[in-house]
Amino acid sequence: MGTDSSLLYTPLHSLHLDFGGKMVPFAGYSMPLQYADGIMAEHRHVRTHAGLFDVSHMGQVRLRARSGRVEDAALALERLVPADIVALKPNRQRYTQFTNPAGGILDDLMVIAQEDCLLLVVNAACKQADIAHMQARLDDCVVEPLPERALLALQGPQAEEVLAGFDPKAAPMRFMDVCTLNIGGVDCLVSRSGYTGEDGYEISVSAAQAEHVARLLLGSPYVKLIGLGARDSLRLEAGLCLYGADIDETTTPVEAGLEWSIQKSRRAGGARAGGFDGADIILDQLANGVTRRRVGLLPTGRAPVRHGAPLFADAALQSPVGVVTSGAFGPTLEAPVAMGYVATPHAATGVELTAELRGRGVPARVASLPLVPARFKR
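About the criteria used
Residues numbered from 1 in each chain as written. Predicted model: local features only at pLDDT ≥ 70, side-chain atom pairs only at ≥ 80, totals over all residues. Heavy atoms only, no water. Pairing = 2+ DSSP bridges. Helix = DSSP H or I, 4+ residues; strand = E, 2+ residues; numbered from the N terminus. Axes fitted to C-alpha atoms, helices over the stretch in contact; angles between N-to-C directions. Contact = heavy atoms within 4.5 Å. Parallel < 35°, antiparallel > 145°, perpendicular 65-115°, else oblique. Left-handed = near helix turned anticlockwise from the far one by under 90°. Nonpolar A, V, L, I, M, F, W, Y, C, P; charged D, E, K, R; others polar. Buried < 20%, exposed > 50% of the residue type's maximum accessible area, 1.4 Å probe, protein only. Polar contact = N/O pair within 3.5 Å; in protein donor to acceptor, adjacent residues only side chain to side chain. Phe/Tyr/Trp six-rings, centres within 6.5 Å; stacked < 30°, edge-to-face > 60°. Lys NZ or Arg CZ within 6 Å of the ring centre and 35° of its normal.

Looking now at the pairing of strand β2 (residues 29-34). Here strand β1 (residues 22-26) pairs with β2 via five bridges, running antiparallel. Within β2, the residue paired with Lys-22 across the bridge is Gln-34. Hairpin connection of β1 to β2: two residues between the antiparallel strands, including Ala-27 at a positive phi of 50°.

Here the focus is the sheet that holds strand β5 (residues 92-99). Pairing is antiparallel in the open sheet, where five strands are placed in the order β5-β6-β7-β4-β8. The open sheet has two edge strands with one neighbour each: β5 and β8 (141-145). Direction aside, neighbouring strands of the sheet carry axes that sit 25° apart on average. Alignment of β5 against strand β6 (residues 105-113), held across eight bridges, turns out to be antiparallel. Across the sheet, the residue bridging to Gln-93 is Ile-112, located in β6. Strands in contact with helix α4 (residues 127-137) are β4 (59-65), β5, β6, β7 (118-122) and β8; relative to β8, the strand with the most contacts, it is inclined by about 165°.

The geometry of helix α2 (residues 39-48) relative to helix α7 (residues 228-237) is characterised by a closest axis approach of 8 Å and an angle of 55° between their N-to-C directions. If you check the angle between α2 and α7, you find them oblique. Where α2 crosses over α7, the two elements pack in a sense that is right-handed. Mapping the contact onto sequence places Ile-39, Glu-42, His-43, Val-46 and Arg-47 in α2 and Gly-229, Ala-230, Ser-233, Leu-234 and Glu-237 in α7. A breakdown of the residues in the contact of α2 with α7 according to their chemical character gives four nonpolar, three polar and three charged.

Here Glu-255 is to be found in the loop between α7 and α8 (279-288). Overall, Glu-255 belongs to the buried group, its relative accessible area being 9%. At 3.0 Å, the side chain of Glu-255 forms a polar contact with the backbone nitrogen of Thr-252. Side-chain polar atoms of Glu-255 contact the side chain of Arg-292, separated by 3.3 Å.

Turning our eyes to something else, we now look at the packing of aromatic side chains. Applying the stated criterion to the full structure yields two aromatic pairs. Where Tyr-95 meets Trp-260, the ring centres are 5.5 Å apart and the plane angle is 20°; that geometry is what we call stacked. Here the residue Tyr-95 occupies a position in strand β5, and Trp-260 occupies one in the loop between α7 and α8, the gap between them amounting to 165 residues. In this structure Tyr-95 comes out as buried when scored by relative accessible area, which is 9%. Relative accessible area serves as the criterion here: at 55%, Trp-260 is assigned to the exposed category. With a centroid separation of 4.2 Å and an interplanar angle of 10°, the aromatic rings of Phe-175 and Phe-376 are classed as stacked. Of this pair, Phe-175 sits in the loop between α5 (159-164) and β10 (178-183) while Phe-376 sits in the segment after β19 (360-367); the two residues are 201 residues apart in sequence, bridging distant segments of the chain. Of the residues examined, Phe-175 reaches a relative accessible area of 15% and is grouped as buried. In this arrangement the basic side chain of Arg-292 is found over the ring face of Tyr-341, its NZ or CZ atom lying 4.8 Å from the centre.

The structure is reproduced here in structure tokens:
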């Protein structure tokens, strides 16, 4: 796919080719699906050592208030998201969602507070729409895309040891802390976060220095490049949503089980309750419940139950109750894993359902998320 002129390349494209990456189109970019070891081995390497992911296709955006006050930028962003951004302290990060008037999710994103601005990381397929959305709605702010920045993720139980070998300030960071670290002479903005369920870091670096930093990290015997295939199975075991599959404009944060990301100050009775798109619907759901919920699923057998598979309350496939939104083989559990939406009466942990797989029924038990325990450094 590297010769397809319609695809964009990340700053690490040559590195992926040098390491034998199998390149595929993803969100308009040529991205590595896997390397020579294969998806299963890459997945297990992240769970036991440390994996390096290229996530430079994602959008990085700086948001500045025209007043120059970061508090004003936070208040402005709260018109578009249900999270408490005002309370976010400098050098901390928070997960939230852009919502629409129906309470659906336009995208999910990370917000970093700095002394004078906010930094946002948005999904690759949504970044142009997200930027346009902010520019149209936040006329009291300057919305500045940062295409000159690359983004790497170093994930796994030995990520701290590797990164602290370059800058000791990496070690005391806690989950969702943000800090400027020096990696081989290159200043990088680093958050202790990621999308695998493992401890790790996300590293924002200038595109011109990205390959240099990546090769330094790959110099560790613990670190291997990891492709999109293992990234998907890792985040699925961790119960983390993929935008466009598990969440989209038709799903609300409450239906998706993301109400933990809506702080008390933005809920009914809070200091800044509501005020974001779809607030009436979302706050009503927080108070009165929803008709469907995102759940974890553990299908029996060895074959994965994929996106779009119907879910039934009975083995005869006569009583539909939901649909699978993500499914794969989970190498950590050595069994299929999935997530989906299920009618609320059938969403309790332990409920037995049946998924339809190529016309036959596969028993699938509702399981609590995450399916593999998270190992974030709290």
